[in-house]
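Residue-level listing of the chains:
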Amino acid sequence: MTQNHHTTLEGLTTTQAATRLAQDGPNEIAQTPRRSLARRLLDMLRQPMFALLVAAAALYIALGDLTEGLTLGVFVLAVLVLTFYQEGKSEASIQALRDLTQPLAQVIRSGQKQSVPAREVVVGDVLLLSEGDRVAADGQLLSANNLQIDESLLTGESVPVNKSTTEPDAAVHAGSFVVRGQGLAQVTATGNRSQIGRIGQSLGQLSSGSTPLQAQTARLVQRLALIVLVLCVVMVLTLGLRSGQWIPALLSGIALAMAILPEEYPVVLAIFPALGAHRLTREGVLTRRINAIETLGATTVLCTDKTGTLTENRMTVTALAVGSSDAPQITSLAAPPTALPEAFHPLLEHAILASAPQPFDPMETAFHTSGQTHLAQTDRLHEGWQLVQSYALSPQLKAMSHVWQFDDSLDRVVSAKGAPEAVMDLCHLSDAERQAWSRTVESMAAQGLRVLAVAQSRFTGNDWPETAHAFEFEWLGLIGLTDPLRAEIPQAMAECRSAGIRVIMITGDYPATAQVIAAQAGLPPGQSLTGDALERLDDAALQAVLPHVSVCARISPHQKLRIVQALQAHGEVVTMTGDGVNDAPALQAAHVGVAMGLRGTDVAREAADLVLVDDNFASIVRGIRVGRRIFGNLQKSMRYIFAIHIPIAGIALAPMVMNWPALMLPLHVALLELVIDPACSIAFENEPADADVMQRPPRDTRAALFGARDITLALVQGLLVLACVGLSYAWAKGWLNGGATPALSEEETRSMVFVTLVLGYAALIVVNRAQPGQLWASLRVPNPSAWGVILLAWGLVMAGMYWPWLAMTLKFAPLPNEPWTVALACGVLSLLAMSGLHWLHAQRQTR
């Protein structure tokens, strides 16, 4: 029922609202503050790598080697700064997403309807409440029109509550959702002073829990850490007992632990999704839950709305049908406007009266626009009439009715519009009339038109019936609307096909209309499934039929949930779009729920994982491309991290086992961290998407991110680099020519080994950037970040060799020409060897 207790409302002025905002603070509940600098530093020092670095620096100083201790301290500081930068960029991206996904509220200020951020709502504001909105603050109802509110967040009661101004406590509360109707409320409490604020619940926008990939990788790192711990204890005991020098033995053990432990994994797993979410915003996709990025690129079935997602949501009235059911009179409005025959005037008049006076819905806007074009010179536009009662669209009756008062008498005009079959029920048409008009509907729908029916009635008095069925409606006719397909949709559909993604269009339209749009969009031929047919299927039958369906028509929002669940039971990874209140269960159930940013309700947006800024299907496809890019680059980075630790660990371990002079000290590992971290987090994160990223089938979400095949490939890559480093070391020791060439000094040997290692490091970046079989083609793909970190690594090694102070600290020495040539040759050999491995891997994959 409608209660109208006001005619006009001024609300607060802008100045009053600003003053109250300054006095009371923003309308938000205190959330966990961002980590302070000190907290971030403390969290970082708890990580094993930093603990080892600090321990090594302390041991150097304890040994009296102040220079090495301080140098290592400088390196520790440099690694801290780099990690701070990476974490800061990641947290800034997440905070930016929080800000972008903050809800808006509709208020009346200075007599004008305004859209403001919900955090700027103040006490005294007049809130406009519409279906799908989240209530921004506690308030007192001023008017209500069939208003139902879901207060489960506060009360735990899942059944929506009917609200009216006649209740003793006609209040609405922040955090609740409007599931039906409209209303006005004056704000009485905001932020922590609201009921939900007193309860102390948090309404954070982004999930901060560990993702499946993070949990999976944490287990891998934990296992490696256990192996490292055992190995290091054994090595420290062996070296200590062998030499009796326990502090150098402990330093060697720390160096070995730092060399083996792949502590970069947690860094890349935090940075890649966060920066990826930031990239998605450039494609018009806002990320509400970071976990969704892991799944987005693995989508196998994409369920999409038609209106506004595949089409432009720019409705135009193009056809009208009136008269008798057996010989209806049809006119087209697609041509340049001419005088509309008078027989069609009542149809258009009551379509407008059955719409909102200030329309928001594109279909109702089209009725008003057409009325201004064709009825402006008539007496059928009733701006002075007052809406006194309305009956909202419901799952039981897909039609809405408005009751209008046109003078001081008790006579009322009733107008209805909705699905043709629903309006036929209201008008109590005979079976013959239903069949005849249904043929007309099918004929119009086959032209791709969205078809609605319109009816009128009269009523006397103010004792409104409970439902619109009680009115004596007269059938007026049919209205057909066109909604042009977005120009970019056929290309996006083609990308989905090549990427192995099946698209199912789900719409409330007639099957014939849906099939025309599906053909225009480029959906592959398939069966159509109607809502009535779906209701007759049990879950097993639905699972059996859906693999053959491309269009679901005349579908109610609650049926979307069954479709999602049936697809998931069939093993599909489902991405689902939605915009209405009743779409929320399906959005939550889908692996990735995508809400509409322009026309979507707050309920849908908060249930979804992603929000489309422009409501465009092509943006989802671009988002899938970005999701695949993020996952692919994450795999490349993790393969590189594992591989680079193999030669580093070998250089640290071999001298301990063979009782040679140590080549790798904690100082050197810290130096290498300065080049490994940027490579894994910056170079690979900035890697462009592979050319065939949308020509591959979706990945198996059950498969490990870094499985046995990847580990084996990375292990062999690392061993190849280690072998080339070993070859360089053997030449430096004079073992390859029978001692004909004198062995190099310990410092020159270390320099030669590090030159070969850095070249191998560069080779690993180059090789892991490329897809199997595309190594040389990948060199033409621009990635300035990758080449930048390679030059950084080269510059650090050169500085270590030729800057006397640093050379003395690192125990490096400049190389003569011949060792330089051999070191370069060994580095090039590692690239050639990995190129061969890359080719073999590609051949194996093509079999």
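Our structure is the block above this text.
Residues numbered from 1 in each chain as written. Predicted model: local features only at pLDDT ≥ 70, side-chain atom pairs only at ≥ 80, totals over all residues. Heavy atoms only, no water.

Chemist: For the pairing of strand E20 (residues 549-553), give the residues involved together with the corresponding values.
Modeler: Each regular strand carries side chains that alternate between the two faces of the sheet. Most of E20 sits out of view: five of its five residues are buried. Examined bridge by bridge, strand E18 (residues 502-506) and E20 share two bridges and lie parallel to one another. The residue of E20 that forms the bridge with methionine 505 is valine 551. Taken together, the four bridges between strand E19 (residues 527-530) and E20 define a ladder with parallel strand orientation. Considered in E20, the bridge of threonine 530 is made with alanine 553. (Buried < 20%, exposed > 50% of the residue type's maximum accessible area, 1.4 Å probe, protein only. Helix = DSSP H or I, 4+ residues; strand = E, 2+ residues; numbered from the N terminus. Pairing = 2+ DSSP bridges.)

Chemist: Lay out the sheet that holds strand E15 (residues 411-418) in plain terms, naming residues and giving numbers.
Modeler: What the seven strands build is an open sheet, ordered E12-E11-E17-E16-E15-E14-E13; its pairing is antiparallel. Of all strands in the sheet, those with a lone pairing partner are strand E12 (328-332) and strand E13 (386-391), marking the two edges. Between one strand axis and the next, the sheet turns through 25 degrees on average, direction left out of account. By the bridge criterion, five bridges tie E13 to strand E14 (residues 399-405) in an arrangement that is antiparallel. Pairing of tyrosine 391 across the sheet is with serine 401, part of E14. Across the sheet, helix H13 (residues 420-427) lies against E14, E15, strand E16 (450-460) and strand E17 (474-482), angled at about 25 degrees from E16, the strand it touches most. Against the sheet, helix H14 (residues 431-445) engages strand E11 (316-323), E12, E16 and E17, with an angle of about 10 degrees to E17. (Axes fitted to C-alpha atoms, helices over the stretch in contact; angles between N-to-C directions. Contact = heavy atoms within 4.5 Å.)

Chemist: A description of the sheet that holds strand E22 (residues 592-596) should follow, citing residues and the corresponding values.
Modeler: With mixed pairing, the eight strands of this open sheet are ordered in space as E9-E23-E22-E21-E10-E18-E20-E19. A strand with exactly one partner marks an edge of an open sheet, and here the two such strands are strand E9 (285-287) and E19. Across this sheet, the average inter-strand angle for adjacent strands is 20 degrees, counted without regard to direction. The pairing of E9 with strand E23 (residues 610-612) spans three bridges and is classified as antiparallel. Looking across to E23, one finds that leucine 286 is bridged to valine 611. In this fold helix H16 (residues 511-521) packs onto E18, E19 and E20, with an angle of close to 135 degrees to the strand it touches most, E20. Each of strand E10 (301-305), E18, E20 and strand E21 (574-578) is contacted by helix H19 (residues 557-569), which is oriented at about 170 degrees to E21, the strand it contacts most.

Chemist: Give a description of a nonpolar patch on the surface that names residues and reports values.
Modeler: A contiguous nonpolar surface patch, about 790 Å² in accessible area, is contributed by Leu226, Leu229, Val230, Val233, Val234, Leu237, Leu241 and Trp246. The element contributing the most residues to the nonpolar patch is helix H7 (residues 212-243), with seven residues. (Patch = residues over 30% accessible without salt bridge, like charges linked within 9 Å, V, L, I, M, F, W, Y side chains within 5 Å. Areas by Shrake-Rupley, 256 points an atom, 1.4 Å probe, with all protein chains shown as cover. Salt bridge = Lys/Arg side-chain N within 4 Å of Asp/Glu carboxyl O.)

Chemist: Which residues make up the packing of aromatic side chains, and what are the values?
Modeler: Ring pairs (aromatic) are described by centroid distance and by the angle formed between their planes. Under the criterion given, the structure shown has 14 aromatic pairs. Measuring from centroid to centroid gives 5.5 Å for tryptophan 385 and phenylalanine 406, while their planes differ by 40 degrees, and the two rings are tilted. Linking tryptophan 385 in the loop between helix H12 (362-374) and E13 with phenylalanine 406 in the loop between E14 and E15, this pair joins segments that are 21 residues apart in sequence. Among the aromatic residues, ring-to-ring pairing joins Tyr391, Phe459, Trp464, Phe471 and Phe473 into one connected group. (Phe/Tyr/Trp six-rings, centres within 6.5 Å; stacked < 30°, edge-to-face > 60°.)

Chemist: Hey, could you go over the pairing of E15 for me, with residue numbers and the actual values?
Modeler: Most of E15 is tucked away, with seven of its eight residues classed as buried. Across seven bridges, the pairing between E14 and E15 is antiparallel. Opposite glutamine 405, over in E15, you have arginine 412 as the bridge partner. The turn linking E14 back onto E15 is made up of five residues. Examined bridge by bridge, E15 and E16 share eight bridges and lie antiparallel to one another. Within E16, the residue paired with lysine 417 across the bridge is valine 454.

Chemist: Before we move on, could you go through the environment of aspartate 602 and cite the residues and values that matter?
Modeler: Positionally, aspartate 602 belongs in helix H21 (residues 602-607). For aspartate 602, a relative accessible area of 4% translates into the label buried. In the structure, aspartate 602 is positioned 468 residues away from arginine 134 in sequence and 5.6 Å away in space, judged by C-alpha atoms. In contact with aspartate 602, not counting residues within four places along its chain, are Leu104, Gly132, Asp133, Arg134 and Phe177.

Chemist: Go over the pattern of salt bridges with me, naming the residues and quoting the values.
Modeler: Under the criterion given, the structure shown has 20 salt bridges. Where glutamate 495 meets arginine 625, a salt bridge forms, and the shortest distance between an N and an O atom there is 3.4 Å. Of the two residues, glutamate 495 is situated in helix H15 (residues 489-498) and arginine 625 in helix H22 (residues 617-658); the sequence distance between them amounts to 130 residues. Given a relative accessible area of 31%, arginine 625 falls into the partly exposed group. Taking the shortest distance from any N to any O, the salt bridge between arginine 750 and glutamate 746 comes out at 3.3 Å. Highlighted residues: arginine 750 and glutamate 746, both in helix H25 (residues 746-769), separated by four residues, approximately one helical turn. With a relative accessible area of 1%, arginine 750 lands in the buried category. Through salt bridges with shared partners, a single ionic network connects Lys636, Asp690, Asp692 and Arg696.

Chemist: Mind laying out helix H9 (residues 264-282), listing which residues take part and the relevant values?
Modeler: With 19 residues, H9 extends 27 Å from end C-alpha to end C-alpha; this agrees with the ideal 27 Å at 1.5 Å per step. Here H9 lies mainly inside the structure; 14 of its 19 residues are buried. After H9 finishes, the residue glycine 284 shows a positive phi value of roughly 85 degrees. (Expected span 1.5 Å × (residues − 1).)

Chemist: Any chance you could break down the environment of valine 721 for me, citing the residues and the numbers?
Modeler: Turning to its location among the elements, valine 721 is positioned in helix H24 (residues 708-732). The contacts of valine 721, once residues within four sequence positions are left out, are Pro647, Leu757, Gly760, Leu764, Ser830 and Met834.

Chemist: Break down the state of the cysteines for me, with residues and values.
Modeler: By the definition in use, this model includes zero disulfides. For cysteine 303, which is in no disulfide, the shortest distance to another cysteine sulfur is to cysteine 552 and amounts to 7.3 Å. (Disulfide = S-S within 2.5 Å.)

Chemist: If you had to explain the nonpolar core to someone new, which residues and values would you point to?
Modeler: By size, the foremost hydrophobic cluster in this structure holds 76 residues, and its most contacted members are Tyr640, Met664, Leu672, Met752, Tyr761 and Ile765. Leu302, Leu310, Ala499 and Met596 belong to the second-largest nonpolar core, a separate cluster that totals 39 residues. (Core = buried A, V, L, I, M, F, W, Y, C linked by side-chain atoms within 4.5 Å.)

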